[in-house]
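Here's the letter readout for the chains.
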Amino acid sequence: MKYFLLAALLCSSFAVCAQKPKFTIQGITLPAEIADRNNQFSGLYRHNNHLLLLSESRLQERAEAKVYALDLGSINAQLAKETQALTYKKYALLNLDKIRARLDSAGQVYEGLEGLTMVGEVAYFSIETATPSPYCYLIKGELHDAAATITLDTRYLVPLPKPALTNGTHIYNAGFEALASYDKNLLLLYEYNYFTHDNYAFTLPAAAATPDIPQYVPLRRLPFRVTDLVHEGKNRFTAINYFYSGNDDSVYRTPAPDPNARFIQAGLVTRTIADSLACATNTTSCAGNRCLSCPRSTKPITGRAWPLTRVDIS
């Protein structure tokens, strides 16, 4: 978690991603409360001068529903060796239990919160469900800084149909983990986008007061497990992903005969900073009014264990 946090932090806090072709990885020491592995952080977002860390909030395991906010100034001070302690705040997620009850009554199985983005003071979260469940969900809530709460709107619950394999089954443990806001819209990217048939993302107007119907956006195949997404400006996004070595997650690892398998190796980083873009080699835009496509790939570079992916939307 420590290294995952720094990868995103270096992109957002120091704003070096678009300026320098190289980056360095520095470890930070988290407070014991935040470093607890049971937090199972699944999303992060820079909001004003804070880095928000989303706990999966696995209510089925009696976990606390919460979001931590790390002060970026204290992170910078620690990296500069000026001070050791990090300043942080914890926001309680209210009404998540009521939303989970709605899912249970519909026969869906809540597994936790995965994605996080914000529009103003409104936070959006994606809910992941059990693999056989046909839908994931989008929820939102208002952040109240003084009360240290995020009050979820129990009326706002948007079903997100999971893409399926040709035999009708779903990808193991996959959900809409990557959320980003842009041009008063939300972009939601599925965790697995290497289907041999249709691949797509969803867009949704962020200004809608009530649940709206997500619009499909065709997506060119991506040989990466996408777990977080950030809007860089205009029509460009950068995504991050992580691969596990367990058998259950083997579906996310491109098989060896595929030329894109070279991007997925133990201890390998594929960099998308500046013009080093880690995407599939086919760069032709897909059909449709809007689409996501990947620029041409470059050679991978050695490093830690997560690739970054840059995609364009047009």
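The structure displayed is predicted, hence computed values, not measured ones.

(A) Representation of the side chain of Asp 258 within the structure. Following the sequence through the fold, Asp 258 ends up in the loop between strand E17 (236-240) and strand E18 (268-269). Buried and unpaired, Asp 258 has Arg 221 as its nearest opposite-charge partner, separated by 4.9 Å. Only 2.8 Å separates the side chain of Asp 258 from the backbone nitrogen of Asn 260, close enough to count as a polar contact.

(B) Main features of unusual backbone geometry. A positive phi is found at Arg 62, a non-glycine position, where the angle reads about 60 degrees. Along the polypeptide, Arg 62 turns up in the loop between strand E2 (50-55) and strand E3 (66-71). The residue Asn 173 is not glycine, and still its phi comes out positive at about 60 degrees. With respect to the helices and strands, the residue Asn 173 is situated in the loop between strand E9 (158-161) and strand E10 (178-182).

(C) Summary view of the nonpolar core. In this structure, Leu 93, Leu 113, Phe 125, Ile 139 and Ile 150 are the most contacted members of the largest nonpolar core, which totals 25 residues. When contributions to this core are tallied by element, the ones reaching two or more residues are E2, E3, strand E4 (88-94), helix H4 (96-105), strand E5 (110-119), strand E6 (122-129), strand E7 (135-144) and strand E8 (149-152). Sort the elements by how many residues they give to this core and E5 lands first, with 4 residues. In contact with Ile 139, not counting residues within four places along its chain, are Leu 96, Ile 99, Leu 113, Ala 123, Tyr 124, Phe 125, Ile 127, Leu 152, Tyr 156 and Leu 157.

(D) Structural view of the environment of Ser 74. By the secondary structure assignment, Ser 74 is in helix H3 (residues 72-79). With relative accessibility at 7%, the residue Ser 74 sits in the buried group. Sequence separation between Ser 74 and Gln 84 is 10 residues, and the spatial gap between their C-alpha atoms is 8.3 Å. Dropping the residues within four chain positions of it, Ser 74 is found in contact with Ala 85, Leu 86 and Thr 87.

(E) Looking closely at the side chain of Ser 126. Within the secondary structure, Ser 126 is located in strand E6. Side-chain polar atoms of Ser 126 contact the backbone nitrogen of Gly 115, separated by 2.8 Å. Ser 126 has contacts with Gly 112, Leu 113, Glu 114, Gly 115, Tyr 137, Phe 176, Glu 177 and Leu 179, leaving out every residue within four places of it along the chain.

Thresholds, definitions, all that
- Residues numbered from 1 in each chain as written.
- Predicted model: local features only at pLDDT ≥ 70, side-chain atom pairs only at ≥ 80, totals over all residues.
- Heavy atoms only, no water.
- Helix = DSSP H or I, 4+ residues; strand = E, 2+ residues; numbered from the N terminus.
- Buried < 20%, exposed > 50% of the residue type's maximum accessible area, 1.4 Å probe, protein only.
- Lys, Arg positive; Asp, Glu negative; His and termini not counted.
- Salt bridge = Lys/Arg side-chain N within 4 Å of Asp/Glu carboxyl O.
- Polar contact = N/O pair within 3.5 Å; in protein donor to acceptor, adjacent residues only side chain to side chain.
- Core = buried A, V, L, I, M, F, W, Y, C linked by side-chain atoms within 4.5 Å.
- Contact = heavy atoms within 4.5 Å.

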